[in-house]
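As a plain string of letters, each chain reads:
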Amino acid sequence: MSDPTAVRPSRRIFIDKQSPRAYKAMVAAAETVRAVAAEAGLERDLVELVNIRVSQLNGCAFCLDRHTRAALNEGETPQRLTVLPAWRDTELFTARERAALAVAEVTTDPTDATAQEQAYQAAREVFGDDELSALIWVAITINSFNRVSILSKHPVRPGPKR
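Now for a description of the structure that goes with this document. Along every chain, residues carry numbers that run from 1 in the direction the sequence is written. Only residues with pLDDT of at least 70 get local features here, since the model is predicted, and only at 80 or more are side-chain atom pairs given and counted; chain-wide, interface and lining totals rely on the full set of residues. As a convention, hydrogens and water are excluded, and side-chain values are obtained from all of the structure's heavy atoms.

1. Re unusual backbone geometry
Then, in step 1: The phi dihedral of K153 is positive, around 55°, even though this residue is not glycine.
Then, in step 2: Position of K153 relative to the elements: it lies in the segment after helix 8 (129-152). Numbering of helices and strands runs from the N terminus, with a helix taken as a DSSP run of H or I at least four residues long and a strand as a DSSP run of E at least two residues long.

Dropping the structure here:
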């Protein structure tokens with residue numbers, strides 16, 4: 001028997017394709033954020049850790065796939081990526097990475113004012129003003145792309161087997 005209260009899957013539109021001008025503006029903003037991050041001195045692998053952690057929190061399969069591949073291409077290890085959801089419980093991440101991950105988390109869910117203040121203060125100890133600003137922009141940007149992919153239900157296509 002089928003459940004009459006069950007939600008039926010709807011045909012999703014890819015909002016990036018449906019409204020390409022808006023999406024192109026987002027891409028342009030992301031390119032600017034990437035340049036600002038590089039100019040501020042944020043390491044590309046650190047940026048990818050932030051992209052992955054935010055995408056984990058949001059449950060964005062498409063962005064997780066994309067940024068995990070990018071992190072591996074930047075030299076990130078499978079071990080660190082595997083334990084990233086539990087980064088607080090391991091010594092595999094540097095103080096700088098830990099501060100960045102905490103900022104990424106409070107940017108994604110800013111509702112806990114105490115956690116937000118703690119993350120911000122820890123970040124101030126290891127990041128300069130330009131770095132911290134760029135870091136927050138990175139987290140804001142990936143949050144936006146997560147929303148596009150989640151609501152569009154962008155598919156994750158199988159990659160080559162290793």
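From this point, things continue past the structure.
2. Overview of the nonpolar core
Then, in step 1: Put simply, buried Ala, Val, Leu, Ile, Met, Phe, Trp, Tyr and Cys residues joined by side-chain atoms within 4.5 Å make one nonpolar core. For the exposure calls, accessible area comes from a 1.4 Å probe over protein chains only, and a residue counts as buried if that area is under 20% of its type's maximum, exposed if over 50%, partly exposed in between. By size, the foremost hydrophobic cluster in this structure holds 34 residues, and its most contacted members are L42, V50, L84, F127 and L135.
Then, in step 2: Here, residues are in contact when the closest pair of their heavy atoms is within 4.5 Å. Residue contacts for F127: discarding those within four places in its chain leaves L42, L46, R96, A99, A100, L132 and L135.

3. Observations regarding the pattern of salt bridges
Then, in step 1: Just to be clear on terms, a salt bridge is a Lys or Arg side-chain nitrogen sitting within 4 Å of an Asp or Glu carboxyl oxygen. One pass over the structure, following the stated rule, counts 10 salt bridges.
Then, in step 2: Among the ionic pairs, D16 bridges to K17, the shortest N-O distance being 3.8 Å.
Then, in step 3: Judged by relative accessible area, K17 falls into the exposed class, the value being 61%.
Then, in step 4: Between R96 and E43 there is a salt bridge, and its shortest N-O distance comes to 3.2 Å. Of this pair, R96 sits in helix 6 (residues 95-108) while E43 sits in the loop between helix 2 (20-40) and helix 3 (44-58), and the two are 53 residues apart along the sequence.

4. Section: the packing of helix 7 (residues 113-126) against helix 8
Then, in step 1: Where helices are involved, their axes are fitted lines through C-alpha atoms of the stretch in contact, as for all axes, and angles between N-to-C directions lie from 0 to 180°. As a packed pair, helix 7 and helix 8 sit with axes 9 Å apart at the nearest point and diverge in direction by 135°. When the interaxial angle is binned, helix 7 and helix 8 end up oblique. The element helix 7 and its partner helix 8 pack so that their crossing is right-handed. Counted together, Y120, A123, R124 and V126 of helix 7 and D129, E131, L132 and I136 of helix 8 form the full contact between these two elements.
Then, in step 2: Throughout, the ten residues Ala, Val, Leu, Ile, Met, Phe, Trp, Tyr, Cys and Pro are labelled nonpolar, Asp, Glu, Lys and Arg are labelled charged, and all others, Gly among them, are labelled polar. Its residues placed into classes, the contact of helix 7 with helix 8 shows five nonpolar, no polar and three charged. Roughly parallel refers to an angle under 35 degrees, roughly antiparallel to one over 145, roughly perpendicular to one between 65 and 115, and oblique to any angle outside these ranges. Helix crossings get a hand from a simple test, with the near helix turned counterclockwise from the far one by less than a right angle marking a left-handed crossing and a clockwise turn marking a right-handed one.

5. Some words on the packing of helix 4 (residues 61-73) against helix 8
Then, in step 1: Viewed as axis vectors pointing N to C, helix 4 and helix 8 meet at an angle of 130°, and their least axial separation amounts to 8 Å. The angle between helix 4 and helix 8 falls in the class oblique. On helix 8, the residues that touch F62, C63 and H67 of helix 4 are I142, F145, N146 and S149.
Then, in step 2: Residues of the contact of helix 4 with helix 8, tallied by class, amount to four nonpolar, three polar and no charged.

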